Amino acid sequence: MSPYAHPELLVDTAWVAAHRGDPNVRLVEVDVDTDGYEQGHVPGAIAWNWTTQLCDTLQRDIVPPEDFRRLMGEAGIANDTTVILYGDNNNWFAAWALWQMKIYGHADVRLMNGGRRKWLEEGRELTTDVPQIASSSYTMGGEPDLSIRALLGDAQAASTQKDAALVDVRSPDEFTGRILAPPGLPETCQRGGHVPGARNIPWGKSCNEDGTFKSADELRALYESEGVTPDRPAIAYCRIGERSSHTWFVLKYLLGYADVKNYDGSWTEWGNLVRAPIERAAA
């Protein structure tokens, strides 16, 4: 089987168990909140709350640069620190954190393949102890790399001009408009359906039963069969941008697509726009 394009962006649970005490490695559990972390986490890991720490809490946006710099420093992360991210839901929010760290130029950030689920299924050690982390000095580099982020105008252009593949990573029921959000999650938009021209490739199709990523050959067949090919730009979206960051990671780092963006406005933005076109065709 062919290898991933960038295998260095993944580590397995055994690697984490062996290296979690390394002085230049920072292990971070990233979830929508910290409830799971408080019940038990990988020893040495700190917690990031997606809702309060990885979003702009005043307007719907990614974390502002100064808040990002502060978050890194408080986490004891220096510019040369190796950061290993993992979390619940097969790394939805961990992938979101990695995407933002790449926007702001952190060089060495990786995902633990399989996330929290894989660690638990293997019966590996858990703790409720919160490590005491000395703060560090973190320096912001140049301009943020916004080439990996799609805004509304990018999604609109892809829909009307067909100049990029639109990948809707939500469930078929969300894509067709039968439901507005996954069961148990808030309904953040007024209308159901999908962006005209989008292909429905649910994020979970990229994962094995244990939460790890499928092989490069399997992933390539999955996306190319739906017309998402490496020779044209791709834009992934979901409901709020976290599931689509997972697919963005697959396309960019596991398959090596050159031009992939995460549309974090996603269906919450599009589905609430006045007069925005939608489709409700079958998945």
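- The chain is annotated in an unreviewed UniProt entry as Sulfurtransferase of Mesorhizobium shonense.

A few points about the sheet that holds strand β6 (residues 149-150)
- Strand order across the open sheet formed by 5 strands is β6-β10-β9-β7-β8, with parallel pairing between neighbours. Looking at strand neighbours, the two that pair on one side only are β6 and β8 (199-200), the edges of this open sheet.
- Packed on one face of the sheet, helix α10 (residues 242-254) meets β7 (165-168), β9 (234-237) and β10 (260-263) and runs near 180° to β10.

Here we look at the nonpolar core
- In this structure, Val-30, Trp-48, Leu-85, Leu-98, Tyr-223, Val-228 and Phe-249 are the most contacted members of the largest nonpolar core, which totals 58 residues.
- Looking at this core, the element that brings in the most residues is helix α5 (residues 92-103), giving 9 residues.
- If you look at the next biggest cluster of nonpolar residues, it comprises 16 residues, including Leu-180, Cys-189, Ile-235 and Ala-276.

Here we look at the layout of surface pockets
- A volume near 320 Å³ is recorded for the largest pocket.
- Looking at the lining of the largest pocket, the elements that each hand over two or more residues are β6 and α11 (266-270).

So, the sheet that holds strand β2 (residues 25-31)
- Taken in spatial order, the 5 strands line up as β1-β5-β4-β2-β3 in an open sheet, and their pairing is parallel. If you trace the sheet from one side to the other, it starts and ends with β1 (10-11) and β3 (46-49), each paired once.
- Pairing of β2 with strand β4 (residues 82-87), which is carried by 6 bridges, proceeds in the parallel orientation. In the strand pairing of β4, Val-28 is matched with Leu-85.

Some details on the side chain of Arg-110
- By the element assignment, Arg-110 lies in strand β5 (residues 109-112).
- With relative accessibility at 18%, the residue Arg-110 sits in the buried group.
- Every residue in contact with Arg-110, bar those within four places of it in the chain, is listed here: Glu-8, Leu-9, Leu-10, Val-11, Trp-15, Thr-82, Val-83, Ile-84, Leu-85 and Leu-98.

Here we look at the packing of α5 against α10
- At a minimum axis separation of 7 Å, α5 and α10 run at an interaxial angle of 65°. Where α5 crosses over α10, the two elements pack in a sense that is left-handed. Contacts between α5 and α10 pair Trp-92, Phe-93, Ala-95, Trp-96, Leu-98, Trp-99 and Lys-102 from the former with Glu-242, Arg-243, Ser-245, His-246, Trp-248, Phe-249 and Tyr-253 from the latter.
- Within the contact of α5 with α10, the residues separate by chemical class into 9 nonpolar, 2 polar and 3 charged.

What about the packing of aromatic side chains?
- Going through the model one piece at a time under the given rule, you end up with 11 aromatic pairs.
- Taken together, the aromatic side chains of Trp-50, Trp-92, Phe-93, Trp-96, Trp-99 and Trp-203 make up a single cluster linked through ring pairs.
- Residue placement shows Arg-243 over the ring face of Trp-92; its charged tip is 5.6 Å from the ring centre.
- The residue whose ring lies beneath Lys-252 is Tyr-253, and the NZ or CZ to ring-centre distance is 5.7 Å.

With respect to the UniProt feature "domain: Rhodanese" (unreviewed entry) in the chain
- Mapped onto the present numbering, the UniProt feature "domain: Rhodanese" (unreviewed entry) falls on residues 21-128 and 160-279.
- For residues 21-128, the helix share is 35%, the strand share is 19%, and the end-to-end C-alpha distance is 16 Å.
- Across residues 160-279 one finds 28% helix and 12% strand; the C-alpha atoms that close the span lie 13 Å apart.

Calculation criteria
Residues numbered from 1 in each chain as written. Predicted model: local features only at pLDDT ≥ 70, side-chain atom pairs only at ≥ 80, totals over all residues. Heavy atoms only, no water. Pairing = 2+ DSSP bridges. Helix = DSSP H or I, 4+ residues; strand = E, 2+ residues; numbered from the N terminus. Contact = heavy atoms within 4.5 Å. Axes fitted to C-alpha atoms, helices over the stretch in contact; angles between N-to-C directions. Core = buried A, V, L, I, M, F, W, Y, C linked by side-chain atoms within 4.5 Å. Buried < 20%, exposed > 50% of the residue type's maximum accessible area, 1.4 Å probe, protein only. 1 Å grid on protein atoms, 1.4 Å probe; cavity = no way out; pocket = protein on both sides within 12 Å on 5 of 7 lines; lining within 4 Å. Points joined across faces, edges and corners; volume = space filled by probe spheres on them. Left-handed = near helix turned anticlockwise from the far one by under 90°. Nonpolar A, V, L, I, M, F, W, Y, C, P; charged D, E, K, R; others polar. Phe/Tyr/Trp six-rings, centres within 6.5 Å; stacked < 30°, edge-to-face > 60°. Lys NZ or Arg CZ within 6 Å of the ring centre and 35° of its normal. UniProt positions renumbered as here; feature names shortened; annotations may be inferred.

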